[in-house]
Amino acid sequence: MSQRASYRQQFSPAPEIAAKFGDIHPPLGSQAATVEANRCLYCFDAPCTAACPTHIDVPRFIKKIASGNLAGSARTILDANILGASCSRACPVNVLCEGSCVMHRYNKQPIQIGRLQQFAMDSFHASGNPLPFEPGEETGRSVALIGAGPASLACAAELRRRGIRATIHDARPLPGGLNTYGIAEYKLTLADSLHEIDLLAQLGVEFRFETPVDAALLAQLESTHDAIFLGIGLGGIHQLGVAGEQLAGVTNALDLIAGYKSGLITTSPARVAVVGAGNTAIDAAIASVRLGAVEVHMIYRRGAEHMSAFSFEYEHAKQEGVNFFWHVQPTAIRGTGSVESLQLTRLAPTTDGSLILEPGSEFTLPIDLVVLAIGQGTHTTFLPNGSGSATIQLERGRIVIDRVSGQTSNPKYFAGGDCTNGGREVVDAVADGKRAGIGIAAWLEGNHVHA
Ligand code: SF4
């Protein structure tokens with residue numbers, strides 16, 4: 001790669017974090033991988049491939065593992081999904097590819113597609129080989145990408161393979177967005193995310209770190225590039241709107257996860273309350289347990305049947321010792337200077353299905369840390385919002401795109417990932433970025449002359 005140090009070399013993982021966040025899916029050994037690969041039926045019109053948002057040719061990569069062609073297997077994965085390593089660890093495979101495996105029809109265990117993909121990608125990374133793709137012949141075109149998360153990374157890879165310059169801007173000091181800062185360390189380590197991006201940078205993707213993009217910089221980028229890709233994710237986590245929220249000891253799930261992954265947080269206060277019941281809330285709760293909390297409570301205003309977290313994540317949290325409070329709502333955070341307790345009130349359903357506070361049902365939990373995980377807002381105020389074709393159309397705060405090309409209502413702007421879908425999986429962001437990269441290239445080739 002270029003003469004600069006790799007992103008992974010710039011980052012030293014905290015040893016105590018590595019010790020506390022061991023891999024949730026220990027890698028398959030070579031023999032176990034071969035045996036598992038040989039169980040696959042190599043289905044025609046494989047439903048596992050259809051269920052993958054990036055449409056990895058699953059039977060093909062598995063067959064290559066079975067025949068010992070690990071480099072070929074990795075190439076098959078990477079051809080469809082440039083972030084195939086991180087997706088093998090972060091994907092909810094039991095609701096995607098493995099959930100669709102035909103083995104379910106025969107009452108057999110589905111093929112362990114995620115672990116086989118991880119096996120192929122780990123072996124590829126261990127080989128030290130570069131990505132099996134070359135940048136395309138330079139076209140003189142250039143695209144600025146905003147946000148260095150999975151959508152932008154996938155888009156940039158497609159652009160480079162077509163000879164289009166790709167420069168990614170991000171406010172943070174390291175690339176990867178949620179892949180680097182937001183996925184539980186026992187699923188995907190920060191170091192592994194950076195290693196994957198190191199390889200991608202070899203295609204000639206350029207990065208501008210610690211560069212928050214505001215309206216002025218965006219206007220400048222628009223005037224100097226042929227197209228803009230918005231992979232800006234979502235904004236900050238919502239506030240509760242109760243007394244005491246400003247106290248020390250109130251944080252949010254994303255800051256907690258980013259803090260321990262980057263080694264800034266290595267221990268937890270004893271008593272933690274996580275407010276919310278999505279996958280990020282679960283990650284924060286389990287992280288608190290592993291960082292040494294004695295009691296971790298999850299607080300949710302509805303019942304378990306309504307939580308947005310996957311059921312396997314819920315089961316995992318229970319196994320880790322997380323306690324759940326259902327049908328309760330925080331009504332105040334108490335403390336002198338810092339959090340000392342959380343006041344909760346029970347909620348009762350009304351006949352129309354809405355919830356009301358049950359009078360006289362308040363109770364108090366002694367708490368040292370309150371972690372908010374109640375959904376994220378959007379961060380779109382810096383986008384062109386004038387009139388006519390310059391406007392970027394939003395719907396419920398999300399950027400509206402053409403699903404095939406990723407193009408927005410402003411033809412020079414494309415978008416993908418959480419800012420367009422409200423927050424889905426890494427693999428959905430990769431699929432969006434890939435489509436947009438192809439869409440931008442087609443648009444530049446077809447009808448655009450840079451001013
Ligand atoms: S559906 Fe299952 S058995 Fe069929 S190709 Fe996919 S992994 Fe193999």
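Preceding this paragraph is the structure being described.
Residues numbered from 1 in each chain as written. Predicted model: local features only at pLDDT ≥ 70, side-chain atom pairs only at ≥ 80, totals over all residues. Heavy atoms only, no water.

## Focus on the overall build of the protein chain
Quick note on the threshold: A helix here means a DSSP run of H or I that spans at least four residues, while a strand means a run of E at least two residues long, and both kinds are numbered starting from the N terminus. Radius of gyration here uses only the C-alpha atoms, and the compact-globule reference equals 2.2 Å multiplied by the residue count raised to the power 0.38. Exposure classes here rest on a 1.4 Å probe applied to the protein chains alone. A residue is buried below 20% of its type maximum, exposed above 50%, and partly exposed in between. Accessibility throughout is a Shrake-Rupley quantity obtained with a 1.4 Å probe, and a residue counts as covered only by protein chains that appear here. When charges are tallied, Lys and Arg are placed among the positive residues and Asp and Glu among the negative ones, while His and the ends of the chain are skipped. For this purpose, a charge sits on NZ of Lys, CZ of Arg, CG of Asp or CD of Glu.
Within the protein chain, the regular secondary structure consists of 18 helices and 16 strands. Taken over the C-alpha trace, the protein chain has a radius of gyration of 23 Å; the compact-globule value for 451 residues is 22 Å, and the two agree within 12%. When its C-alpha atoms are laid out on the principal axes, the protein chain stretches across 70 × 60 × 50 Å. Burial analysis of the protein chain (451 residues in total) assigns 54% to the buried set. Of the roughly 19400 Å² of accessible surface on the protein chain, 51% is carried by carbon and sulfur atoms. Mean positive and mean negative side-chain charge positions of the protein chain (35 and 42 charges, respectively) differ by 4 Å.

## Considerations on the pairing of strand 12 (residues 363-366)
We apply this condition: When DSSP finds two or more bridges between a pair of strands, those strands are recorded as paired.
With burial as the criterion, only one face of strand 12 is covered, namely that bearing F363 and L365; the residues T364 and P366 on the opposite face remain uncovered. With four bridges joining them, strand 10 (residues 341-349) and strand 12 adopt antiparallel strand pairing. Bridged to Q343 within strand 12 is T364.

## Quick look at the packing of aromatic side chains
Put simply, the test is: Here the aromatic set is Phe, Tyr and Trp, taking the six-membered ring for Trp, and pairing holds for ring centres within 6.5 Å; pairs whose planes are under 30 degrees apart are stacked, those over 60 apart are edge-to-face, and all others are tilted. Either the NZ atom of lysine or the CZ atom of arginine qualifies as a charge over a ring when it sits within 6 Å of the ring centre and within 35 degrees of the ring normal.
What the rule picks out here adds up to 10 aromatic pairs. Judged by centre distance (5.4 Å) and plane angle (10°), the ring pair of F310 and F312 falls under stacked. With relative accessibility at 21%, the residue F310 sits in the partly exposed group. Put simply, the rings of Y300, Y314, F324 and W326 touch in pairs and so form one group of aromatic residues. The residue whose ring lies beneath K63 is Y42, and the NZ or CZ to ring-centre distance is 4.8 Å.

## Focus: the site of the ligand
Selection criterion: We call a residue near a molecule or strand as soon as one heavy atom of that residue lies within 4 Å of the molecule or strand. The nonpolar class holds Ala, Val, Leu, Ile, Met, Phe, Trp, Tyr, Cys and Pro. Asp, Glu, Lys and Arg form the charged class, and all remaining residues, Gly among them, are polar.
The ligand sits among C40, L41, Y42, C43, P47, C48, P59, C101, V102, I111 and I113. In the shell around the ligand, the residues fall into 11 nonpolar, no polar and no charged.

## Brief notes about the sheet that holds strand 13 (residues 369-372)
Which entries qualify depends on this criterion: Every axis in this analysis is a line fitted to C-alpha atoms, fitted for helices over the stretch in contact. Angles between the N-to-C directions lie between 0 and 180 degrees.
An order of 5-13-6-7-8 is seen for the five strands of this open sheet, with the pairing classed as parallel. Strands with a single pairing partner mark the edges of an open sheet, and in this sheet they are strand 5 (250-252) and strand 8 (323-325). With strand direction ignored, the average angle separating the axes of adjacent strands in the sheet is 25°. Sheet topology note: the strand 6 (residues 271-275)/strand 7 (residues 295-299) ladder contains five bridges and is parallel. Each bridged residue has a counterpart across the sheet, and for V272 the counterpart in strand 7 is V296.

## A short note on the nonpolar core
Formally: Working definition of a nonpolar core: buried Ala, Val, Leu, Ile, Met, Phe, Trp, Tyr and Cys residues. They are joined through side-chain atoms within 4.5 Å. Should any heavy atoms of two residues lie within 4.5 Å, those residues are considered in contact.
Membership of the largest hydrophobic core comes to 77 residues, with the highest contact counts inside it found for F61, I62, L116, L145 and I440. Ranked by residue count, the leading element in this core is helix 18 (residues 426-447), at nine residues. Once residues lying within four places of it in the same chain are set aside, the contact partners of I62 are A37, C40, Y42, I111, I113 and L116. Y186, Y260, A309 and A373 belong to the second-largest nonpolar core, a separate cluster that totals 51 residues.

## Considerations on the packing of helix 15 (residues 279-290) against helix 16 (residues 311-319)
Rules: Every angle not falling under 35 degrees, over 145, or within 65 to 115 is termed oblique; those three ranges are roughly parallel, roughly antiparallel and roughly perpendicular. Handedness of a crossing follows from how the near helix is turned relative to the far one, being left-handed for an anticlockwise turn of less than a right angle and right-handed for a clockwise one.
Here helix 15 crosses helix 16 at 20°, and the two axes come no closer than 10 Å. Comparing their axes, helix 16 and helix 15 come out roughly parallel. The hand of the helix 15/helix 16 crossing is left-handed. Across the interface between the two elements, N279, I282, D283, I286 and R290 of helix 15 pack against E313, Y314, H316 and A317 of helix 16. Residue composition of the contact of helix 15 with helix 16, by class: four nonpolar, two polar and three charged.

## Quick word on the sheet that holds strand 4 (residues 227-230)
Spatially, the five strands line up as an open sheet ordered 3-2-1-4-16, and their pairing is parallel. Of all strands in the sheet, those with a lone pairing partner are strand 3 (206-208) and strand 16 (413-415), marking the two edges. Put simply, the sheet's adjacent strands are angled 25° from each other on average, direction ignored. Sheet topology note: the strand 2 (residues 165-169)/strand 3 ladder contains three bridges and is parallel.

## Digging into the pattern of salt bridges
Where we set the bar: Here, a salt bridge means any Lys or Arg side-chain nitrogen found within 4 Å of an Asp or Glu carboxyl oxygen.
Inspection of the entire model under this criterion finds 17 salt bridges. In this structure, D122 engages R89 in a salt bridge whose closest nitrogen and oxygen atoms are separated by 3.1 Å. In this pair, D122 sits in helix 9 (residues 113-127) while R89 sits in helix 7 (residues 84-90), placing the two residues 33 residues apart along the sequence. Since its relative accessible area comes to 28%, D122 is described here as partly exposed. Overall, R89 belongs to the buried group, its relative accessible area being 12%. One network of salt bridges, with partners in common, ties together R165, E206 and R208.

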